[in-house]
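Residue strings, one per chain:
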Amino acid sequence: MKRFFLSVLCLILFFQIGRSQNNEKNLIKENLIPSLTSDRFLSNLIVKKNGKPIPPKDLKDKTNWDEKGFSIEIKKDSIKWALIDTDGVLFQILYPNEYSLFYGKDKKELQEELIEKIKFTTSETLQIDSIFYTPADSVITKTLQTKYGILKNQFFENQLGERISSDKLIPESIVNSLMFPNERTFLSFFSLAFHKYGNQSEEIKVSFNSLREGLPQYETWSIWSAIQGDYLLVLFEHPFLNFHHMLILNNIARGNVLKGDFYSFIPNSNFEELFATYKSNKGLIEVNIKNQENQLD
Amino acid sequence: MTRSYTPRIILTQLFLFFSFISFGQSQTKVLFSNSDKGQMELQIEQSLNNVLLEFNSAFKASRTPKLQNQKVTPEGAARILKIWENASFFSSETLINENLLQTTEESTFGKGYQVRNIKLTVKGKDGTIRSKNAVINFNSSGLIEELYFGIELQDYNAVKGDKQNPIEFGRRQVILDVIENFKTAYNRKDYDFINNIFSDNALIIVGKTIKQAQLSDFGRLDQKKVELTVKTKQQYLETLQKVFATNSFIDVDFEKINIMKHPKYPQVYGVNLKQSWTSSNYSDQGYLFLMIDFRDEKKPVIHVRSWQPFKDTPSEEVIELGDFKINN
């Protein structure tokens with residue numbers, strides 16, 4: 001329930017900011033109208049016209065929407081639009097809360113957009129920040145929330161109440177930089193393998209600023225992290241759509257170029273058990289994973 | 001919430017209070033449980049004993065620790081005294097059994113040694129008392145270079161099964177990513193993606209509902225039964241190509257994903273999920289099982305895909321990882 005209210009709040013904020021920053025940005029033009037050309041999108045819809053159900057295909061290629069008179073209600077598992085067309089007819093459109101339906105683009109297309117955005121802003125902003133350390137004599141973990149029993153919405157301070165920013169505690173400093181984007185940091189950029197649809201990955205250099213630029217309304221995203229030795233995992237959870245991006249940094253060491261892996265648009269509502277228990281059943285089916293000769297007894 | 005935590009808080013405070021009044025014993029003995037007692041290990045053990053004794057004495061006398069005669073670098077001493085200005089501390093333990101860790105040049109800490117989880121009772125400037133775990137770093141000459149209070153114990157001693165292991169958690173997220181790509185490939189009718197992700201001799205199992213007529217005392221009864229057939233990758237792809245060609249759109253959705261790891265082959269995972277298939281001229285729901293091999297992390301492959309009709313398959317008959325005997 002709390003998450004729902006937060007989501008609605010974030011949504012309102014999202015649209016207000018979006019509109020005030022750019023009057024031309026319009027969700028109907030950018031998201032809904034392109035989606036209505038897709039049969040896949042239409043197959044997921046429930047549509048009502050003046051309160052009565054109609055076949056979703058009746059909306060195919062419809063474009064005469066009143067671009068100012070609409071509302072969107074986003075719940076954990078559904079997205080509902082209420083719209084009026086230029087003839088004054090009221091429509092309600094309901095579909096599952098799935099990022100590809102909301103954006104009208106699939107994972108591959110969204111990944112291409114995201115990587116271009118990160119690369120573009122990298123070229124604009126890449127520069128080495130001046131060194132700015134805080135003493136790291138002690139570490140106090142401030143945990144705001146936990147998730148899945150392993151991830152924390154957290155940041156780190158020293159005994160003096162200063163945020164940790166130290167080359168001896170790089171994972172903690174990275175988390176602080178992601179949590180507090182407006183604070184100075186000694187960290188500048190890292191090398192990222194951006195994993196893409198089709199078992200491809202693209203090596204790019206990313207600054208902390210450019211990564212945040214890739215996540216619109218960055219302050220509304222939830223940042224979850226887990227640290228184990230020189231391994232850092234960060235999830236960037238979208239404020240109201242059911243997906244997150246994941247950043248993994250490995251072998252974090254003083255003097256090394258930070259190298260990471262980035263996975264994007266991972267759904268976070270379609271799994272039941274991430275750690276399901278293995279049960280040894282009858283073992284009827286033999287699979288040869290080396291020579292790949294399989295047989296069913 | 002307040003009620004359930006209150007007794008625990010009181011007990012903790014009582015424990016700390018008794019630690020506080022009984023620390024007069026002052027001496028804490030450190031023994032490295034993994035050490036072969038070389039000269040350096042013995043020196044570090046002794047240095048740590050001495051410095052803890054000095055912390056205890058300083059705390060008892062309400063004074064600043066005297067570190068000039070201890071095996072502490074000048075920088076290390078300055079750091080410790082800076083912490084002491086804000087919070088004094090002592091050890092109430094009589095015996096500390098911990099591992100002496102060696103840190104490499106490339107590590108975050110530089111070349112040297114490290115001891116973690118040294119339990120100290122810390123008194124803040126405002127009088128609050130807390131139990132915290134300290135980390136002490138030694139340089140390669142065995143001198144104390146740094147003391148700081150580490151992240152909570154459970155973060156470093158976390159490997160109590162996969163559920164508490166961030167690396168394993170990350171792997172499961174990568175599996176969700178692969179599954180999402182797999183789903184996207186069907187929606188895009190991306191034949192090449194599907195061709196590439198299946199291993200050359202992948203096992204494809206397809207369940208089909210058949211009706212069996214049976215005679216009983218009450219007459220003729222129709223019973224539904226799911227018959228499994230095996231196809232080669234080539235046969236499956238040929239069928240799929242026809243499906244792609246004859247449907248203007250395909251909408252595949254996955255839900256209720258369960259991921260399990262093979263106990264003998266930890267890079268082989270089984271994924272069970274419920275698949276909903278909608279296309280221009282056909283729709284169904286089924287149990288989907290995939291065996292995914294991550295031995296090449298950059299290029300995971302699917303060795304097994306099984307599909308069983310949702311409606312007619314009892315849950316105990318759903319194919320899963322434990323049904324397979326893997327030969328490698």
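Above this note sits the structure.
Numbering of residues starts from 1 in each chain and follows the order in which that chain's sequence is written. The lettering of chains begins at A and the numbering of ligands begins at 1, in the order of writing. At least 70 in pLDDT is required for a residue's local features to be given in this predicted model, at least 80 for side-chain atom pairs to be given and counted, and no such filter applies to totals for whole chains, interfaces and linings, which use all residues. Hydrogens are left out, water is left out, and the side-chain values use all remaining heavy atoms of the structure.

**A short note on the environment of L151(A)**
Piece 1. Going along the chain from the N terminus, every DSSP run of H or I of four or more residues is numbered as a helix, and every run of E of two or more is numbered as a strand. Structurally, L151(A) can be placed in strand β7 (residues 151–157).
Piece 2. Between the C-alpha atoms of L151(A) and V234(A), which are 83 residues apart in sequence, the distance is 8.4 Å.
Piece 3. For this analysis, residues touch if any pair of their heavy atoms sits within 4.5 Å. What L151(A) contacts, discounting residues up to four positions off in sequence, is Q145(A), T146(A), W224(A), S225(A), A226(A), L233(A), L235(A) and F169(B).

**So, the sheet that holds strand β2 (residues 52–54) of chain A**
Strand pairing in a sheet relies on backbone hydrogen bonds, with the paired strands running either antiparallel or parallel.
Residue and element names in this part refer to chain A.
Piece 1. A pair of strands is considered paired only if DSSP assigns at least 2 bridges between the two. Read from one edge of the open sheet, 5 strands run β2-β1-β5-β4-β3, paired in antiparallel fashion. In the strand order of this sheet, the two ends are held by β2 and β3 (65–74), each with one partner. Going across the sheet, the axis of each strand differs from the next one's by a mean of 25 degrees, ignoring polarity.
Piece 2. As paired strands, strand β1 (residues 46–49) and strand β5 (residues 90–96) are joined by 4 bridges and run antiparallel to one another. Its bridge partner lying in β5, K48 is registered against Q92. Lines are fitted to the C-alpha atoms to define the axes, a helix being fitted only along its stretch in contact, and any angle between axes, read from their N-to-C directions, falls within 0 to 180 degrees.

**Digging into the interface of chain B and chain A**
Piece 1. Listed as interface residues are 86 residues of chain B and, on the opposing side, 79 residues of chain A.
Piece 2. Summing both sides of the interface, chain B and chain A together bury roughly 7100 Å²; the carbon and sulfur share of this comes to 55%.
Piece 3. A pair is scored as a salt bridge if a Lys or Arg side-chain nitrogen falls within 4 Å of a carboxyl oxygen belonging to Asp or Glu. Where chain B touches chain A, the interface holds 7 salt bridges.
Piece 4. Among the ionic pairs, E98(A) bridges to K183(B), the shortest N-O distance being 3.4 Å.
Piece 5. Nitrogen and oxygen atoms within 3.5 Å of one another constitute a polar contact, given that in protein one can donate a hydrogen and the other can accept it, and given that sequence-neighbouring residues count only through two side-chain atoms. Between the two partners, chain B and chain A, sit 22 residue pairs in polar contact (both at pLDDT 80 or more).
Piece 6. Considering every element that reaches the side of chain B that touches chain A, the biggest residue donor is helix α5 (residues 166–187) of chain B, with 16 residues. Buried area adds together the accessible area that both of two parts lose upon being put together, with accessible area traced by a 1.4 Å probe.

**Digging into the nonpolar core**
Piece 1. Ranked by size, the top nonpolar core spans 69 residues in total, and within it W81(A), L178(A), F236(A) and L247(A) carry the most contacts.
Piece 2. Per-element accounting of this core gives the leading share, 5 residues, to helix α6 (residues 170–179) of chain A.
Piece 3. Among residues more than four places away in sequence, those in contact with W81(A) are L27(A), I28(A), L32(A), F70(A), S71(A), I72(A), F91(A), Q92(A), I93(A) and Y95(A).
Piece 4. In plain words, nonpolar cores are sets of buried Ala, Val, Leu, Ile, Met, Phe, Trp, Tyr and Cys residues tied together by side-chain atoms within 4.5 Å. Buried residues are those whose accessible area, probed at 1.4 Å on protein chains only, stays under 20% of the maximum for their type, while exposed residues exceed 50% and partly exposed ones sit between those limits. V174(B), I197(B), L240(B) and I302(B) belong to the second-largest nonpolar core, a separate cluster that totals 49 residues.

**Considering the environment of I46(A)**
Piece 1. Assignment of secondary structure puts I46(A) in strand β1.
Piece 2. Ignoring sequence-local partners within four residues, the contact set of I46(A) consists of Q92(A), I93(A) and L94(A).

**Some points on the pattern of salt bridges**
Piece 1. This model, assessed by the stated rule, comprises 28 salt bridges over all chains.
Piece 2. D251(B) is the partner of R40(A) in a salt bridge, and the nearest nitrogen-oxygen pair spans 2.6 Å. Here R40(A) is found in helix α3 (residues 39–43), whereas its partner D251(B) is found in strand β10 (residues 250–261) on a different chain.
Piece 3. When its relative accessible area of 14% is taken as the criterion, R40(A) is described as buried.
Piece 4. A salt bridge links E320(B) to K279(A), with the nearest nitrogen and oxygen atoms 3.8 Å apart.

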